[in-house]
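# Structural description and commentary
The primary structure of each chain is shown beneath.
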Amino acid sequence: MAPPSPPCLLRALPLVASSSSRRLRRRPTTSLLRCSSPSADAASPSGEGGREYEPSFADDFLLAFFRAKMVEEVGWDSEKPGYNGLIEVANRLMVKGKSALETEQSAVRVLRSLFPPLLLVLFKALLAPIANGQLASMMVARATALSCQWLMGPCSVNSVTLSNGKSLSSGVFVEKCKYLEESKCLGVCINTCKLPTQTFFKDYMGVDLYMEPNFEDYSCQFNFGVSPPPLDTDKALKEPCLDICTNARRRKEIGTGSSTDDGNEILCSTATDMWATLTKGPDVSDFYCRRILQS
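Residues numbered from 1 in each chain as written. Predicted model: local features only at pLDDT ≥ 70, side-chain atom pairs only at ≥ 80, totals over all residues. Heavy atoms only, no water.

Looking at an unreviewed UniProt entry, one finds the protein chain named Beta-carotene isomerase D27-like C-terminal domain-containing protein and attributed to Oryza glumipatula.

With that settled, consider the overall build of the protein chain. Counting secondary structure elements, the protein chain contains 11 helices and eight strands. Across the 295 residues that make up the protein chain, the buried fraction comes to 51%. Long-range pairs, those at least 24 residues apart, make up 61% of the contacts in the protein chain between residues at least 6 apart in sequence. Element-wise, carbon and sulfur atoms account for 52% of the exposed surface of the protein chain, whose accessible area totals about 13500 Å². (Helix = DSSP H or I, 4+ residues; strand = E, 2+ residues; numbered from the N terminus. Buried < 20%, exposed > 50% of the residue type's maximum accessible area, 1.4 Å probe, protein only. Contact = heavy atoms within 4.5 Å. Areas by Shrake-Rupley, 256 points an atom, 1.4 Å probe, with all protein chains shown as cover.)

What follows concerns the pattern of salt bridges. Tallying each qualifying case throughout the model produces eight salt bridges. Put simply, Glu88 and Lys80 hold a salt bridge, and the shortest N to O gap is 3.1 Å. According to the relative accessible area criterion, Lys80 is partly exposed, its value standing at 42%. In this structure, Lys176 engages Glu181 in a salt bridge whose closest nitrogen and oxygen atoms are separated by 3.3 Å. The network of salt bridges with shared partners includes Glu73, Lys96 and Arg109. (Salt bridge = Lys/Arg side-chain N within 4 Å of Asp/Glu carboxyl O.)

Moving on, we get to the packing of helix H2 (residues 57-74) against helix H4 (residues 100-113). What describes two packed helices is the angle between their axes and the distance between those same axes. Taken N-terminus to C-terminus, the directions of H2 and H4 make an angle of 135°; their axes are 9 Å apart at the nearest point. The pairing of H2 with H4 is recorded here as oblique in orientation. Between H2 and H4 lies a crossing of right-handed hand. Taking contact as the criterion, the partners of Phe66, Lys69, Met70 and Glu73 in H2 are, on H4, Ser106, Arg109, Val110 and Ser113. The residue makeup of the contact of H2 with H4, split by class, is three nonpolar, two polar and three charged. (Axes fitted to C-alpha atoms, helices over the stretch in contact; angles between N-to-C directions. Parallel < 35°, antiparallel > 145°, perpendicular 65-115°, else oblique. Left-handed = near helix turned anticlockwise from the far one by under 90°. Nonpolar A, V, L, I, M, F, W, Y, C, P; charged D, E, K, R; others polar.)

As a further point, take helix H6 (residues 134-147). Between the first and last C-alpha of H6 there are 20 Å, a value that for 14 residues agrees with the 20 Å anticipated at 1.5 Å per step. Where H6 is concerned, the buried positions are Ala136, Ser137, Met138, Met139, Val140, Ala141, Arg142, Ala143, Thr144, Ala145, Leu146 and Ser147. (Expected span 1.5 Å × (residues − 1).)

Of all the five residues making up strand E6 (residues 220-224), five are buried; the element is thus mostly covered by neighbouring parts of the structure. Of the two faces of E6, the one lined by Cys220, Phe222 and Phe224 and the one lined by Gln221 and Asn223 are each fully buried. As paired elements, strand E4 (residues 167-174) and E6 share four bridges and run antiparallel to each other. Following the sheet pairing, Phe173 is matched in E6 by Gln221. Note: strand E5 (residues 209-213) against E6, five bridges, orientation antiparallel. Each bridged residue has a counterpart across the sheet, and for Glu212 the counterpart in E6 is Gln221. (Pairing = 2+ DSSP bridges.)

Here Ser219 is to be found in the loop between E5 and E6. At 2.7 Å, the side chain of Ser219 and the side chain of Asp217 are in polar contact. Leaving out residues up to four positions away in the same chain, Ser219 has contacts with Phe173, Val174, Glu175, Lys176, Glu212, Pro213 and Asn214. (Polar contact = N/O pair within 3.5 Å; in protein donor to acceptor, adjacent residues only side chain to side chain.)

Moving on to the nonpolar core. In this structure, Tyr179, Phe222 and Phe224 are the most contacted members of the largest nonpolar core, which totals 57 residues. No other element matches the nine residues that helix H9 (residues 186-205) contributes to this core. In contact with Phe224, not counting residues within four places along its chain, are Ser137, Val140, Ala141, Thr144, Val160, Leu162, Ser170, Val172, Phe201, Val207, Asp208 and Leu209. Listed in part, the six residues of the second largest apolar core include Met138, Leu162, Leu168 and Val226. (Core = buried A, V, L, I, M, F, W, Y, C linked by side-chain atoms within 4.5 Å.)

Before going further, it helps to spend a moment on the packing of aromatic side chains. The final tally for this structure, using the stated rule, is seven aromatic pairs. On the basis of an interplanar angle of 70° and a centroid distance of 5.7 Å, the ring pair of Phe66 and Trp150 is categorised as edge-to-face. Here the residue Phe66 occupies a position in helix H2, and Trp150 occupies one in helix H7 (residues 149-152), the gap between them amounting to 84 residues. Each member of the pair, Phe66 as well as Trp150, carries the same accessibility label: buried. Among the aromatic residues, those joined into a ring-pair cluster are Phe115, Phe200, Phe201, Tyr204, Phe222 and Phe224. In this structure, Arg92 packs its charged tip against the face of Trp76, placed 4.1 Å from the ring centre. Across from the ring centre of Tyr83, 4.2 Å away, lies the NZ or CZ of Lys178, which sits over that ring. (Phe/Tyr/Trp six-rings, centres within 6.5 Å; stacked < 30°, edge-to-face > 60°. Lys NZ or Arg CZ within 6 Å of the ring centre and 35° of its normal.)

Okay, here's the thing in structure tokens:
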């Protein structure tokens, strides 16, 4: 997921009106944003340089806040501290859902719980309609880049091409998504981040969003102001499971539907299979990597 927190969202609003802000440095096509960690080195949108993001106290607070909301939704918490525990909770969110839609709705509820309800209503009603949504798209791009590096790693604001062919600085390029890298699972990325985040911004903030994860280098491009394609043409949903996915690797070793020594069944499929079942409502194991945990 990629949730902009309420404090950082409000803090980002003046950036749209003031290009001289000390937190925003603009280049012809890319704006580099820094939040909480002044030691992060600048990097190009291509991700060259592989800079590491060093969490601050504020980042630790955001991680704890986000994890608490995830735990409330899942009804379970990991014994592991920090980010590793968050990933385990995200995996449990996958297990909890009985269908792709149910998993997406759970993740959307988590995102909604991060904001005061009135803030979302006012943003969608008052800001989203301005300039055909372009102002809101630029605002949420900057808020996302400012407030979510603790979750995704170093990222920068860049320009995207809208449906009318015009360019707008409403994109966010994530150099190497920590959420994907740590989860090592395409299903976690698609079902608990990409699809619910796109739905959340559209339905509750009035901003179109198309996310393009790259499963080879773990980068991700957020395109605010751009409508996502239909599910059957979204290339991300046609990718096979990651080679590094533990579930996929063990599935190859033991076969679909087999049981491991610890009694955990491993089931895995591709994102294409996932999409094919979205309107049929079968068991969740038919469409994404899943570890059925013992209760």
